[in-house]
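# Chain and residue survey
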Amino acid sequence: MRKSGSSTAARACSRKGDFYMQVRLTTPLTRQELAPLHAGDTVLLTGTVYTARDAAHARMNEALDRGEPLPFDIKGAAIYYVGPTPERPGCAIGAAGPTTSGRMDKFTPRLLDLGLACMIGKGKRDEAVKAAVVRNGAVYLAAIGGAGALMAGSVKSCEIIAWPDLGCEAVRRLEVVDMPLTVLLDAHGGDLIHHKIQDIVAISEMMVKGDRHAVLQSGQRDRLTDGFYQLRIHASVPPRFRICSASASVRFARAAIGASIILRCCVHRQHGHAFQS
């Protein structure tokens, strides 16, 4: 167990010299707190998180061009790329799943250079964003796509603080507790999607050849699970899930990433002790 500032980190798994951490972080975030994180680590985030999608990013960029302040302190902040649905009675927020992060790529390097510490979304980022993440010691975290209700469960309060005319895309201040996330881009240049998807593709190609039992019985299955929360394959792949082409294997790899995130976060919900200090 290791403590640093407002974060608590525990080494969770070791595979051939690679270590993956399970970490608790509280906003605002500092370079020192983010530096130990590596692509593939899991995070439970607590504190203030601001929402901003395409339209809000465009307005923030225009405000900066005019020399006006942003609607919140960007230094050490976390921005969640989300446009939540209306809340139901008794709920702080409606469904709050992430939007595709690439829509914000053209605005992101500028915000990172101003002190933005953390972005939360889904999907890959362009090279300019990756370089800015490293340059500023920031991180890009993945939320769970297609599981908006699960993500909303971490939100305890929600308040519109800027541009209400944007509707669901208005800037909101969220107070979150133990929001389950995973590190996609780290401050050292690590890129989970780039570095891990090839392992999954290679394994899926073995399944294309009908060699699924070799995958299940050999150390190859660790290549599939490492970086995706150490999931375990306990049974043969049913015929309806077999892959029939190389292009399908890539689709399978992407689906496996998403499925593993959802499954692991469900485990976190049921067994919170995995993150206790």
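Scroll up to find the structure.
Residue numbers run consecutively from 1 along every chain, following the written order of its sequence. Given that this is a predicted model, residues contribute local features only at a pLDDT of at least 70 and side-chain atom pairs are listed and counted only at 80 or more, while totals for whole chains, interfaces and linings are drawn from all residues. Neither water nor hydrogens contribute to the side-chain values; these are computed over all heavy atoms in the structure.

### So, the pairing of strand β9 (residues 171-185)
Counting buried residues in β9 gives 11 out of 15 residues, a clear majority hidden from the surface. A strand pair is defined by DSSP finding two or more bridges across the two strands. Counting from the N terminus, the helices are DSSP H or I runs at least four residues long and the strands are E runs at least two residues long. In the sheet, strand β4 (residues 42-51) pairs with β9 via 9 bridges, with the strands oriented antiparallel. Among the inter-strand pairings, Val 49 is bridged to a residue of β9, identified as Leu 174. With 3 bridges connecting them, strand β7 (residues 139-142) and β9 associate as antiparallel partners. Counterpart to Leu 141 in the pairing with β9 is Val 183. Bridging between strand β8 (residues 155-162) and β9 involves 6 bridges; their strand directions are antiparallel. Across the sheet, the residue bridging to Ala 162 is Val 171, located in β9. Classification of residues uses two cut-offs on accessible area relative to the type maximum, computed with a 1.4 Å probe and protein chains only: under 20% is buried, over 50% is exposed, and between them is partly exposed.

### Focus: unusual backbone geometry
Among all residues except glycine, the phi angle is most often negative; among peptide bonds, the trans geometry is most common. Across the junction of Thr 27 and Pro 28, the peptide omega takes the value -5°, indicating a cis bond. For Pro 28, the location among the structural elements is in the loop between β3 (18-26) and α1 (31-34). Non-glycine residue Asp 178 carries a positive phi angle of around 55°.

### Quick word on the pattern of salt bridges
The salt bridge criterion pairs a side-chain nitrogen of Lys or Arg with a carboxyl oxygen of Asp or Glu, the two atoms within 4 Å. Counted under the stated rule, the structure contains 12 salt bridges. Note that Glu 68 and Arg 66 form a salt bridge whose closest N and O atoms lie 3.0 Å from each other. In this structure Glu 68 comes out as partly exposed when scored by relative accessible area, which is 37%. For Arg 66, a relative accessible area of 53% translates into the label exposed. Taking the shortest distance from any N to any O, the salt bridge between Asp 105 and Arg 125 comes out at 2.6 Å. Here Arg 125 lies in the loop between β6 (118-121) and α4 (127-136) and Asp 105 lies in the loop between β5 (78-80) and α3 (108-113), a separation of 20 residues in the sequence.

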